[in-house]
Amino acid sequence: MSASQRGTQPSTALLTDRYELTMLQAALADGTASRRCVFEVFTRRLPAGRRYGVVAGTGRVLEALSTFRFADAELEFLREGGIVNDQTLEFLANYRFTGEIHGYAEGEVFFPGSPLMTVEASFAEGVLLETLVLSILNYDSAVASAASRMTSAAGTRPCLEMGGRRAHEYAAVAAARAAVVGGFAGTSNLEAGRRYGLTTIGTAAHAFTLLHDDEPSAFASQVASFGDATTLLVDTYDIAEGVRRAIAAAGTGLDAVRLDSGDLGMVAREVRDQLDSLGAAGTKIVVSSDLDEHAIASLAAAPVDSYGVGTSVVTGSGAPTCGMVYKLVQRENSDGVMEPVQKASASKSSVGGRKAAARRVDTAGRAVEEVVVSGAVAGWEPAEDGLRGLHVPLVLDGVVQPGFTGSDGVTQAAERHRTSRAELSPYARRLSAGDPAIATTHIAV
């Protein structure tokens, strides 16, 4: 099946590392490729100073799974490069994931050791997904985790994602989606808006003002096209004069002015006073300019109405990956019995066996403990009051379950994050360095 036959979506099958195919080839040759296996995604630690992470990218993983196909172009590349042998090429030509995937719902908060995603399939089917799964979850979760810290610091004031110019063009789409999962209200990225039904925002840059002979002409042009329901950028020249000209051009019903430079807290106060004195008490103030969660928190007392965030959110605000790994934790042995396996490497050990997870919530609705259960956990559900099960079915018998992809998936994930974060104590939202918000307890059953 060619890319044209698949529609506009290219194959995701080569978004992977070569060693996955070399393992596959050897396993096909020795007969272990068909052994039933359980792979687990988790992180050993949170980035320094972070108290929780946010699962994001699950919907994108499921979308990518549907196009994980080795068609003629992909197979020819592998054949010409001598990457795998004919037996492996024949297997890849017919590859379809037929296993099961369970995991934390997208938007859920997580902690070190949380079993974020469990992939159960033959070794041959499951091993090929490692890089695809990790590349999506690590990046998207890093962005969503940073976005959550920013929206938490912003309180009820909306955060707007505008970092597309600071990321790879396709990473920018993923980042916009992940930022909305983390609580952002909209994005400047049009492809993200089209693909995932996100609210798009944006008016004009300094270039538009500089294009015109003077600032009043630029403002008049923008207002003529968009009316007073627009945002005028007032700091190209003198801010106070820019505010006066903005109100002169649009009237006191102007929706907003944007500040993109200077001491934002001080300037916002001056602009608020000026707008009020001009009779534009309803005109909002939008601030941008290299904001991160700490800068947003510092503006809590300033008369700011919304924040435009770029570089910091699309780069994970100093933590561009979550350090997630994809490890084999259970496999079928030569007698056909499923048994746990684990790494014992120093500082890189893993806990063997399939796992389930639940979060203990007290009578006040606060999360107090992450409970990870290993052993005979197939179909496990917490029976104890106060324990909320965390795993949901994502793929059953190779079929992606409804509600996790597209615009519906983003909406559901953003709501899940609001609910999940609300369970955490105020301590968890502090931006200073500290331990994970809740401890994780491992139980064998």
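Calculation rules
Residues numbered from 1 in each chain as written. Predicted model: local features only at pLDDT ≥ 70, side-chain atom pairs only at ≥ 80, totals over all residues. Heavy atoms only, no water. Helix = DSSP H or I, 4+ residues; strand = E, 2+ residues; numbered from the N terminus. Expected span 1.5 Å × (residues − 1). Buried < 20%, exposed > 50% of the residue type's maximum accessible area, 1.4 Å probe, protein only. Contact = heavy atoms within 4.5 Å. Pairing = 2+ DSSP bridges. Phe/Tyr/Trp six-rings, centres within 6.5 Å; stacked < 30°, edge-to-face > 60°. Core = buried A, V, L, I, M, F, W, Y, C linked by side-chain atoms within 4.5 Å. Salt bridge = Lys/Arg side-chain N within 4 Å of Asp/Glu carboxyl O. 1 Å grid on protein atoms, 1.4 Å probe; cavity = no way out; pocket = protein on both sides within 12 Å on 5 of 7 lines; lining within 4 Å. Points joined across faces, edges and corners; volume = space filled by probe spheres on them. Nonpolar A, V, L, I, M, F, W, Y, C, P; charged D, E, K, R; others polar.

Visitor: Whenever I open this one, helix H13 (residues 264–277) confuses me. Can you help?
Guide: Within an α-helix, residues lying three or four positions from one another point in the same direction, as the helix has 3.6 residues per turn. For H13, spanning 14 residues, the distance from its first C-alpha to its last is 20 Å, which sits close to the expected 20 Å at 1.5 Å a residue. Three or more residues of H13 are buried, namely Leu264, Gly265, Val267, Ala268, Val271, Arg272, Gln274 and Leu275. If you follow the buried residues of H13, they end up packed against helix H12 (239–250), strand S9 (256–259) and strand S10 (284–287). Positioned one or two residues after H13, Gly279 has a phi angle of 85 degrees, which is positive.

Visitor: Help me understand the pairing of strand S14 (residues 355–361) in this model?
Guide: The two faces of a sheet get side chains in turn, since along a regular strand they alternate between them. With six of seven residues buried, S14 lies mostly within the body of the structure. Strand direction decides the pairing type here: S14 and strand S15 (residues 367–374), joined by seven bridges, are antiparallel. Across the sheet, Lys355 pairs through a bridge with Ser374, a residue of S15. Hairpin geometry of S14 and S15 is characterised by an intervening segment of five residues between the two adjacent antiparallel strands and by a positive phi of about 85 degrees at Gly365. Where S14 lies against strand S16 (residues 387–389), three bridges are found, and the strand directions are antiparallel. Directly across from Arg359, in S16, lies its bridge partner Arg388.

Visitor: Sorry if this is basic, but what is going on with the packing of aromatic side chains here?
Guide: Each aromatic ring pair is specified by the distance between its two centres and by the angle formed by the two planes. Evaluation of the coordinates by the stated rule reveals five aromatic pairs. A ring pair is formed by Phe68 and Tyr95, whose centres lie 5.4 Å apart and whose planes are at 65 degrees; its orientation type is edge-to-face. Taken together, the residues Phe68 in the loop between helix H3 (58–66) and helix H4 (72–80) and Tyr95 in the loop between helix H5 (86–93) and strand S3 (100–104) connect sequence positions 27 residues apart. Each member of the pair, Phe68 as well as Tyr95, is classed as buried. Taken together, a centroid distance of 6.3 Å and an interplanar angle of 65 degrees make the contact between Phe91 and Tyr95 edge-to-face.

Visitor: Looking at this structure, how should I read the side chain of Arg272?
Guide: Relative to the helices and strands, Arg272 resides in helix H13. Contacts of Arg272, omitting those with residues within four sequence positions, involve Ala280, Ala281, Thr283, Lys284, Ile285, Pro303 and Asp305.

Visitor: What is the right way to look at the nonpolar core in this model?
Guide: Generally speaking, soluble globular proteins have nonpolar side chains that are buried together. Leu259, Val271, Val287, Tyr307 and Val313 are the most contacted members of the largest nonpolar core, which totals 61 residues. Looking at this core, the element that brings in the most residues is helix H8 (residues 169–181), giving eight residues. Those residues in contact with Val271 that sit more than four places away from it in its chain are Ile239, Val243, Val257, Leu259 and Ile285. If you look at the next biggest cluster of nonpolar residues, it comprises 51 residues, including Ala33, Leu78, Ala124 and Ala357.

Visitor: Mind showing me how you'd approach the pattern of salt bridges here?
Guide: Side-chain pairs of opposite charge can arise where the charged atoms are in close proximity. Within this structure, the stated rule accounts for 24 salt bridges. Glu191 is paired through a salt bridge with Arg194; the nearest N and O atoms lie 2.6 Å apart. On the criterion of helical spacing, the pair formed by Glu191 and Arg194 is a turn pair, its members being three residues apart in helix H9 (residues 190–196). With a relative accessible area of 62%, Arg194 lands in the exposed category. With a closest N to O distance of 3.4 Å, Glu241 and Arg245 form a salt bridge. One end of the pair is Glu241 and the other is Arg245, both in helix H12 and four residues apart, which spans about a single turn. Salt bridges sharing common partners tie together Glu108, Arg359, Glu370, Arg388, Arg416 and Glu423.

Visitor: Help me understand the layout of surface pockets, please; the structure alone is not making it clear to me.
Guide: Of the voids in this model, the largest pocket is the one considered here, and its volume is about 860 Å³. Lining the largest pocket are 32 residues, and of these Met162, Arg165, Ile201, Arg258 and Ser288 sit closest to its centre. Going through the elements one at a time, helix H10 (206–211), S9, S10 and strand S11 (306–309) are the ones with two or more residues in the lining of the largest pocket. When grouped by side-chain class, the residues that make up the lining of the largest pocket number 11 nonpolar, 14 polar and seven charged. Size it by volume and the second largest pocket reaches roughly 700 Å³.

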